[in-house]
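One letter stands for each residue in the lines below.
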Amino acid sequence: TQAVRRGAQVVGVAVTATELTTIVRQQQLLELQGMILDTMHEGVLLITADDRIRLTNPAFDRLFASPTGGLIDTPVGDLLEATTLDILRSAARGAAAREFECRRRDGTTFSAACVVTPIVIDGEQHLLAVLNDISERRVLEREILEVSNREQHRIGNDLHDGLGQELTGVALMLRALATQLRRSHPQALPEFDDIVD
């Protein structure tokens, strides 16, 4: 606001108004997007064209045992092997989600599933990666395979030991019966031998 004067006397007021509704809505949307990114359970990573970390969310920082924001501007190669970076680049070209091993700063490793999307920010190419820790799933998959193998082995043993013995007993009884058939019904003997076999 500014006073309009004619000489020493104030004759009016000039008011300048700015429409802020769009700006306020955009700010609210940015805050909402930031809150969503911060509360996601999946780790989010933004990689620059020169393979540096530009952005992480808290879930990503937890995955890699790093303080919040502690990975910003570090080489992504500190966390991911060169072959993994190649996997991310190929995934960004339309390949399916990938799984690979990751290394935390403390040297421990975990298995991750990752979906990658190429994105242009400020005119520069970036990779946006979303990671899930699948270590527990991999352990469960191994346990399921082991249980399945043990069960197949047990069923095989049961069939061999139990059913095999019963079939052997039936075969012996049939052979005894074959002796009786030789005398009374010799014409049925070839079919009976097939049954015994």
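Quick caveat, the model's predicted, so the values are computed rather than measured. (Residues numbered from 1 in each chain as written. Predicted model: local features only at pLDDT ≥ 70, side-chain atom pairs only at ≥ 80, totals over all residues. Heavy atoms only, no water.)

Okay, the environment of isoleucine 121 next. Turning to its location among the elements, isoleucine 121 is positioned in strand β6 (residues 109-121). If we ignore the near neighbours within four places in the chain, the residues touching isoleucine 121 are Leu46, Arg54 and His126. (Helix = DSSP H or I, 4+ residues; strand = E, 2+ residues; numbered from the N terminus. Contact = heavy atoms within 4.5 Å.)

Right, let's get into the environment of aspartate 78. Relative to the elements of secondary structure, aspartate 78 occurs in the loop between α2 (58-63) and α3 (82-92). A residue is classified by how much of its surface remains accessible, and aspartate 78, at 39% relative accessible area, is partly exposed. Residues aspartate 78 and cysteine 102, 24 residues apart in the sequence, show an inter-C-alpha distance of 9.9 Å. Leave out the neighbours within four places in its chain, and aspartate 78 touches Arg103 and Arg105. (Buried < 20%, exposed > 50% of the residue type's maximum accessible area, 1.4 Å probe, protein only.)

Moving on, we come to helix α4 (residues 135-184). Look at α4: 71 Å from first C-alpha to last across 50 residues, which is about the 74 Å you get at 1.5 Å a residue. Most pronounced at glycine 164, the bend in α4 amounts to some 30°. By the burial criterion, the buried members of α4 are Ala171, Leu174, Ala178 and Leu181. Contact partners of the buried residues in α4: α5 (189-196). (Expected span 1.5 Å × (residues − 1). Bend = angle between axes of the 7 residues up to and from the residue.)

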